Amino acid sequence: MNDNRMIDCIFKADRSQSELTELIAHIKNASRLSGDADIVAQFELALANYFGVTYAIAVSSGTAALHATLMETIQSGDEVLLPVIGVPMTAAAIIEAGGVPVFYDASPGSFAPDLETLLQMVSVKTKALITVPMWGYSAFDDALRVFAVERGLVIIEDTAQALGTMVDGKFEGTRGHVGCFSTHEFKLLSTGEGGFVLTNDAYHAKRIRSFTHIGFSMDEMGFGHRSGLNYKLSALQAALGLSQLSRLDEKIRERQEKIALWIHLLGVAPGARLTQFGGAGDRHNGYSLALTLADAPPGEARKVAQRLFDAGVNTDIYRYQQSYIVNYPMLRRFYNDPRYTGDCIRDFPNATRIIDSLIVLPCHDQISFTDIDVAACRLHAILA
Ligand SMILES: *Cc1c(COP(=O)(O)O)cnc(C)c1O
């Protein structure tokens, strides 16, 4: 191995020869390559079957999935609950849909919402609650379902990173009202750019499909009755998606082998210095391995991520400088609300402990077992 090569969380997804051959065959045989091509409908059907839901709508990105869902769920000025540990895309989709993001704390040791802060943050303006299962770790639990259903809130799962994770025999992204997925290059099912929406609700399905098809109305069988955007997935991406879906379980197994090696080499175990983060469920998808470092003082996880980077291991924690999303300049004005003290440590105590102690390690297609050996050694040295 070349010792100067970065062991990197950024990568190009594997494309098998058969996948590329299939793609060429689709291009040759397809009557159309637009989002109205048969292959897109086939991809949607395959998604609905795989995930065991009634409706799947293929779209051009995960952010498009979120935006379309929010456009059809909230009115301008409505509040949307979202976690303080997350990504800018979720918050951007809320803002672009005219919503007001309201931030909730995590549960102790998991990405599920902390019920107490939900009760503090909910108001008469709240219309939806978004969960973000980061790195494939579930963020859904029964307490949040009860909370949302009692208040008539739409539960939207931003399942971009948790595609394929299963809890209690169900897929993450199929337990709320709408699941929004990404098929961006770095995600488990990779079409370069792309995404899809899953739901069992006919009303949501109809409206989201219409919005992503420039407002096309199935009732009127025409355009111009309602507005929308062109968020259709192209036929080429759908063809890639079909091949990727047929390989998904195998890919998850490969990633789980890498996770098993990390866990073995790092001595990850209940009660040990490093423990696996909560929410791995019955089947974690292997997006990344998230670990908790015991007794981490404030700022420790970011120091470890910095030292790993200096030692040639780039992790998501380093890449995103993982912190509270309220620190993004675009979100600061929403954090200026009497429901918060303005001090993140007091407002989000559970998220604070997570941010201080979280170590996230890559397990994607281009990480080899040798890479894991090398990187685990370096992490050992850093933690010694
Ligand atoms: C990748 C990602 C998105 C956005 O998906 P795109 O397809 O890149 O638009 C949204 N939310 C989360 C949690 C993500 O990881």
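Please refer to the structure higher up on the page.
Summary of the structure given here.

Rules and cut-offs
Residues numbered from 1 in each chain as written. Predicted model: local features only at pLDDT ≥ 70, side-chain atom pairs only at ≥ 80, totals over all residues. Heavy atoms only, no water. Near = heavy atom within 4 Å. Polar contact = N/O pair within 3.5 Å; in protein donor to acceptor, adjacent residues only side chain to side chain. Areas by Shrake-Rupley, 256 points an atom, 1.4 Å probe, with all protein chains shown as cover. Nonpolar A, V, L, I, M, F, W, Y, C, P; charged D, E, K, R; others polar. Helix = DSSP H or I, 4+ residues; strand = E, 2+ residues; numbered from the N terminus. Buried < 20%, exposed > 50% of the residue type's maximum accessible area, 1.4 Å probe, protein only. Axes fitted to C-alpha atoms, helices over the stretch in contact; angles between N-to-C directions. Parallel < 35°, antiparallel > 145°, perpendicular 65-115°, else oblique. Left-handed = near helix turned anticlockwise from the far one by under 90°. Contact = heavy atoms within 4.5 Å. Phe/Tyr/Trp six-rings, centres within 6.5 Å; stacked < 30°, edge-to-face > 60°. Pairing = 2+ DSSP bridges.

### Focus on the site of the ligand
Neighbouring residues of the ligand: 13 residues in total, closest Gly62, Thr63, Asp158, Ser182 and Lys187. Residue threonine 63 places a side-chain N or O atom 2.6 Å away from an oxygen atom belonging to the ligand. Side-chain polar atom of glutamine 161 to an oxygen atom of the ligand: 2.8 Å apart, as the coordinates give it. A total of 380 Å² of accessible area belongs to the ligand in isolation, and the protein chains cover 92% of it. Taken together, the residues that form the shell around the ligand break down as four nonpolar, seven polar and two charged.

### Let's talk about unusual backbone geometry
Look at tryptophan 135: it is not a glycine, yet its phi comes out positive at around 55°. Along the polypeptide, tryptophan 135 turns up in the loop between strand 7 (126-131) and helix 6 (142-150). Among the residues examined, tryptophan 135 registers a relative accessible area of 0% and is labelled buried. Here aspartate 295, not a glycine, exhibits a phi torsion of approximately 50°, which is positive. With respect to the helices and strands, aspartate 295 occurs in the loop between strand 14 (288-293) and helix 9 (300-310).

### Regarding the packing of helix 9 against helix 13 (residues 369-383)
In contact at an axis separation of 10 Å, helix 9 and helix 13 are set at 130° when each is read in the N-to-C sense. In terms of orientation, helix 9 and helix 13 fall into the oblique class. Two packed elements cross with a definite hand, and for helix 9 against helix 13 that hand is right-handed. Seen from helix 9, the contacting residues are Val304, Arg307 and Leu308; seen from helix 13, they are Leu379, Ile382 and Leu383. Tallied by class, the residues present in the contact of helix 9 with helix 13 amount to five nonpolar, no polar and one charged.

### Some details on the packing of aromatic side chains
Per the counting criterion, the structure on display carries 18 aromatic pairs. Judged by centre distance (4.9 Å) and plane angle (75°), the rings of phenylalanine 216 and phenylalanine 223 are edge-to-face. Judged by its relative accessible area of 22%, phenylalanine 216 falls in the partly exposed class. Judged by relative accessible area, phenylalanine 223 falls into the exposed class, the value being 52%. Counting every residue linked through ring pairs, the aromatic cluster contains Tyr50, Phe51, Phe171, Phe181 and Phe196.

### Observations regarding the environment of asparagine 49
Its location among the elements puts asparagine 49 in helix 2 (residues 38-51). A C-alpha to C-alpha distance of 32 Å links asparagine 49 and serine 368, two positions 319 residues apart in sequence.

### What about the pairing of strand 11 (residues 178-182)?
The element strand 11 is extensively covered by neighbouring structure, given that five of its five residues are classed as buried. Of the two faces of strand 11, the one holding Val178, Cys180 and Ser182 and the one holding Gly179 and Phe181 are both buried throughout. The pairing of strand 8 (residues 154-158) with strand 11 spans three bridges and is classified as parallel. Note on strand 11: the bridge partner recorded for isoleucine 156 is valine 178. As defined by bridge partners, strand 11 adjoins strand 12 (residues 195-199) across five bridges and the pair is classed as antiparallel. The partner of glycine 179 across the bridge, within strand 12, is leucine 198.

### A closer look at the packing of helix 3 (residues 62-71) against helix 4 (residues 88-96)
With their axes 9 Å apart at the nearest point, helix 3 and helix 4 run at an angle of 35° to one another. In this structure, helix 3 meets helix 4 at a crossing whose hand is right-handed. On the side of helix 3, the interface is formed by Thr63, Leu66, His67, Leu70 and Met71, while helix 4 contributes Met89, Thr90, Ala93, Ile94 and Glu96. Class assignment for the residues of the contact of helix 3 with helix 4 results in six nonpolar, three polar and one charged.

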